[in-house]
Amino acid sequence: MASSDIKGARGGLTPQSLYVPLPRPPTAFSLTVRKLLGRVEDGSLRVPTFQRPLRWTADDVVKLFDSLLKGYPVGSLLFWKQPLPADAHVRIGSAEIDAGAVSDGWFIVDGQQRTTALAASLLALDQRGDRRWDVYFDPNSSAIMRGPIDEENIRRHVPLHTLGDLRRLGRWLRDCDLNEELQQRVENVQQRLLDYELPAYLMETDDVDALRGVFARLNSTGVRMRADEVFHALLGSHSDTATSGRRAVDFGELQKAADVEGFGEPPRNEVLKAVLAMSGLDPTRRLDDLGDAAIGRIVHPDDAAEALRRTVSFLQASPEQADEPGAGVPAYAFLPYPVVFALLARWFHLFPSPDNATRRELSHWLWRGVANAVHQRAAVSAMRLQVRQIEDGDMGGSIRRLLETVGEPSPGEWSLDPFHMDHAASRVEILALLSRMPRDRRGPISWRSLVSSGQRVAREIFRVSAFPKGRERELARTAANRVLLDVRPTDLQVELKKWDWDSDREALESQLVDQAGLDELRLNDAEKFVARRASRVRSLVSRFIAQRAGLNGPRVLPASTYFEVATVEPTS
């Protein structure tokens, strides 16, 4: 079998399967909120498998109902007419209903968030503690408000699920504390909500590819839908493979594949970028812009999962270990720039087993790009360039080109900025502090415990409010005022003051606290303590970056760069 036949057998995706035209335009009509609720409740209106997850918050729900009350347009809905099988787990928000088979059912193609908000808020269903749909009407202010309703207003504020049914509202009005005028206002609001007419379209086609094309095209403009969701809509999931023959790409499964040894699940959109990079495509472009031919090159999911696991293994491995060294980033939460995740995924897809020297150079590339900020998210052109620099069959040339792209950073002292775990610099500081093998009085502190505890990974020693405004307070906002301790006190100075220099010296030093600093801590001299520790943090991070970027000592290139390919003359 030829290589092209192998790809076709594994993938099953043809460019012609994308954006298939509809055989006829959809039918335009309108339906009231009341009729829409009836269809949702009896299971004849459902969400298809390729729809994106619910994103709306309680504030979005409030705005929708406020628009209905004010008579504002809320956009049109698009449905797909199909027979629907019996399903005991039809989702409505966080609730489930047992729906029977329906011969003329509707799938929601566009309008999932609005339809779900209407149904989940107005129907009396068990939402399992999901407060997004806990919304009520205040007759006194004539306003839609977020719930829950406090105890003293339980008879004066009307839950929206009460307004969703005439009988429920009748029972509520019999026990309420409202005068006749306010009761009439509540009844008027119910009528206004339930009789609101929603513009809609109904598609009748048996071509699921045409449906997917409509859905993806509707959601690929503006910011209505993430790139990975458009991708999923077009390329399907495991449940669609048998019927459509599509290449199955399940981002949830790929996220799980990357969660090795507590690394954590990368965001879906970053996994999409990794898949595109592995496929030799531009990870910064939208799926619509890539073109049909490019989509046919998407890497097989099994290969993608394996490359992600190898990527994570490399990231987590220590640079100091003799065999299969890595970059020393134990968790995704500590990765300074997520861009490198996609680039490394392409590398380990093309070169699954690089030698140790190449792995060290790859680590140097990562850290030099961090030091020079080449890997920052805004540097889109640099990411595109580096994807192209990793060429199949040329591992030595690929690593050389990557290193040339990031350049060699100039030595210099680290500058301390306000600490925030979303900032690359703060993540570098965390990794530098972790390199000290931090301890408490009982023993070593695990980075896993810091990540999984639900607490902030690097917590403040002194409250920032304890510092006067100005330079001192700004310094207190930095890593100079933070340590890696998994203990409960809000002010860690309370904990650290219990430590003794003679018996806890190893633990204190691991947290960059010397004897003079401990004395300042006990005297509550916060300014001197933080200034002293700032100097030590700057020095630590500067050394850490230099070491990780390979700026100290001789450079050892991959073995392949030291040999020329011999030319063998043919024998007669």
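Here the structure is a predicted model, which is why all the values come from computation and not from measurement.

Observations regarding the environment of E253
Then step 1. Along the chain, E253 turns up in helix α11 (residues 251-258).
Then step 2. Each C-alpha atom of the pair E253 and A305 lies 8.2 Å from the other, and the pair is 52 residues apart in sequence.

Let's talk about the packing of aromatic side chains
Then step 1. Under the counting rule described, the total for this entry stands at 11 aromatic pairs.
Then step 2. Each ring, one from Y332 and one from F341, has its centre 5.9 Å from the other, and the planes form 85°; the classification is edge-to-face. The residues Y332 and F341 share a single accessibility class, namely buried.
Then step 3. Relative to F544, the ring of W367 lies with its centre 5.3 Å away and its plane at 85°, an arrangement referred to as edge-to-face.

Examining helix α17 (residues 356-371)
Then step 1. Compared with the 22 Å implied by 1.5 Å per residue over 16 residues, the 23 Å span of α17 between its first and last C-alpha is a close match.
Then step 2. Counting buried positions over the 16 residues of α17 gives 13, a clear majority of the element.
Then step 3. For α17, the side-chain oxygen to backbone nitrogen distance between the N-cap and A357 is 3.1 Å, and the N-cap itself is D355.
Then step 4. Remark: A373 follows α17 within two positions and exhibits a positive phi of approximately 60°.

Considering the sheet that holds strand β9 (residues 158-159)
Then step 1. Spatially, the three strands line up as an open sheet ordered β8-β7-β9, and their pairing is antiparallel. A single partner strand is all that each edge strand has here, and the edge strands are β8 (143-146) and β9.
Then step 2. As defined by bridge partners, strand β7 (residues 135-138) adjoins β9 across two bridges and the pair is classed as antiparallel. If you follow Y136 over to β9, its bridge partner there is P159.
Then step 3. Packed onto the sheet, helix α3 (residues 58-70) meets β7 and β8 and runs at close to 170° relative to β8.

Observations regarding the sheet that holds strand β10 (residues 197-203)
Then step 1. Read across the open sheet, the five strands follow the order β1-β10-β3-β6-β2; overall the sheet is mixed. In this open sheet, the two edge strands, each paired with only one partner strand, are β1 (27-32) and β2 (45-46).
Then step 2. Pairing between strand β3 (residues 77-84) and β10: four bridges, direction parallel. Paired with L77 across the bridge in β10 is A200.
Then step 3. Contacting β1, β2, β3, β6 (102-110) and β10, helix α2 (residues 33-41) crosses the sheet at an angle of about 95° to β1.
Then step 4. Each of β2, β3, β6 and β10 touches helix α4 (residues 112-122); the most contacted strand, β6, lies at about 115° to it.

Observations regarding the environment of H375
Then step 1. If you trace the backbone, H375 turns up in the loop between α17 and α18 (380-389).
Then step 2. Here H375 falls in the buried class, since its relative accessible area comes to 0%.
Then step 3. Residues H375 and P336 lie 39 residues apart in sequence; the distance between their C-alpha atoms is 8.7 Å.
Then step 4. Residues contacting H375, with those up to four places away along its chain left out, are Y337, V339, V340, W365, L366, G369, V370, Q386 and V406.
Then step 5. A distance of 3.4 Å separates a polar atom in the side chain of H375 from the backbone oxygen of L366.

Here is what the cut-offs are and how they apply
Residues numbered from 1 in each chain as written. Predicted model: local features only at pLDDT ≥ 70, side-chain atom pairs only at ≥ 80, totals over all residues. Heavy atoms only, no water. Helix = DSSP H or I, 4+ residues; strand = E, 2+ residues; numbered from the N terminus. Phe/Tyr/Trp six-rings, centres within 6.5 Å; stacked < 30°, edge-to-face > 60°. Buried < 20%, exposed > 50% of the residue type's maximum accessible area, 1.4 Å probe, protein only. Expected span 1.5 Å × (residues − 1). Polar contact = N/O pair within 3.5 Å; in protein donor to acceptor, adjacent residues only side chain to side chain. Pairing = 2+ DSSP bridges. Contact = heavy atoms within 4.5 Å. Axes fitted to C-alpha atoms, helices over the stretch in contact; angles between N-to-C directions.

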